[in-house]
Amino acid sequence: MRQMQEPTFLILTALAAGPQHGYGVITDVERISDCQVRLRAGTLYAAFDRLQEEGLIAEDREEIVDGRVRRYYRLTGDGAARLAAEAERMRRHAQAATARLRAIGSAGTA
């Protein structure tokens, strides 16, 4: 399984909270990333298409708001499993980095 790109990870993380429409995902990703990742609509909808193709997300429902269609997306079971696996991979890497940084700190004080 290849490493997930950060925007993909954040999109799936946003959808893990429940079905959302595009603008909701854009604002949630910005919030989750402490304003470090700002998705453009074109980037998001291209990612939605790819993630649907991969079976990680699915359309949930549509509603009409101010005469425009608002489409909601949700995380699938496969998407949740992939997100969990990626979160665990990142946790292990962060744990290894933290342990090595502690060792440097310990070595520097000896």
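Quick caveat: nothing in here was measured; it's all calculated off a predicted structure.

### Quick notes on the layout of surface pockets
And then number 1: Size it by volume and the largest pocket reaches roughly 270 Å³.
And then number 2: Among the elements of the structure, α2 (22-32) and β3 (68-75) are those that each provide at least two residues to the lining of the largest pocket.
And then number 3: Sort the elements by how many residues they give to the lining of the largest pocket and β3 lands first, with four residues.
And then number 4: Here the residues of the lining of the largest pocket sort into four nonpolar, two polar and four charged.

### Side note on the pattern of salt bridges
And then number 1: In total, this model carries twelve salt bridges according to the counting rule given.
And then number 2: Ionic pairing is found between Arg 31 and Asp 28, a salt bridge with its closest N-O pair at 3.3 Å. With Arg 31 and Asp 28 both in helix α2, this residue pair falls three residues apart, about one helical turn.
And then number 3: Overall, Arg 31 belongs to the exposed group, its relative accessible area being 54%.
And then number 4: Its salt-bridge partner being Arg 74, residue Asp 60 comes within 3.7 Å of it at the nearest N-O pair. Taken as a pair, Asp 60 in strand β2 (residues 57-65) and Arg 74 in strand β3 lie far apart in primary sequence, 14 residues in all.
And then number 5: Among the residues examined, Asp 60 registers a relative accessible area of 31% and is labelled partly exposed.
And then number 6: Arg 74 sits in the partly exposed class, given a relative accessible area of 34%.

### Notes on the nonpolar core
And then number 1: Formed by 21 residues in total, the largest nonpolar core has its most connected members in Ile 11, Leu 12, Leu 15, Val 25, Val 29, Phe 48 and Ile 57.
And then number 2: Among the secondary structure elements, those contributing two or more residues to this core are α1 (6-15), α2, α3 (41-53) and β3.
And then number 3: It is α1 that provides the largest number of residues to this core, a total of six residues.
And then number 4: Excluding anything up to four places from it in sequence, Val 29 contacts Leu 10, Ile 11, Ala 14, Val 37 and Leu 39.

Cut-offs used in this document
Residues numbered from 1 in each chain as written. Predicted model: local features only at pLDDT ≥ 70, side-chain atom pairs only at ≥ 80, totals over all residues. Heavy atoms only, no water. 1 Å grid on protein atoms, 1.4 Å probe; cavity = no way out; pocket = protein on both sides within 12 Å on 5 of 7 lines; lining within 4 Å. Points joined across faces, edges and corners; volume = space filled by probe spheres on them. Helix = DSSP H or I, 4+ residues; strand = E, 2+ residues; numbered from the N terminus. Nonpolar A, V, L, I, M, F, W, Y, C, P; charged D, E, K, R; others polar. Salt bridge = Lys/Arg side-chain N within 4 Å of Asp/Glu carboxyl O. Buried < 20%, exposed > 50% of the residue type's maximum accessible area, 1.4 Å probe, protein only. Core = buried A, V, L, I, M, F, W, Y, C linked by side-chain atoms within 4.5 Å. Contact = heavy atoms within 4.5 Å.

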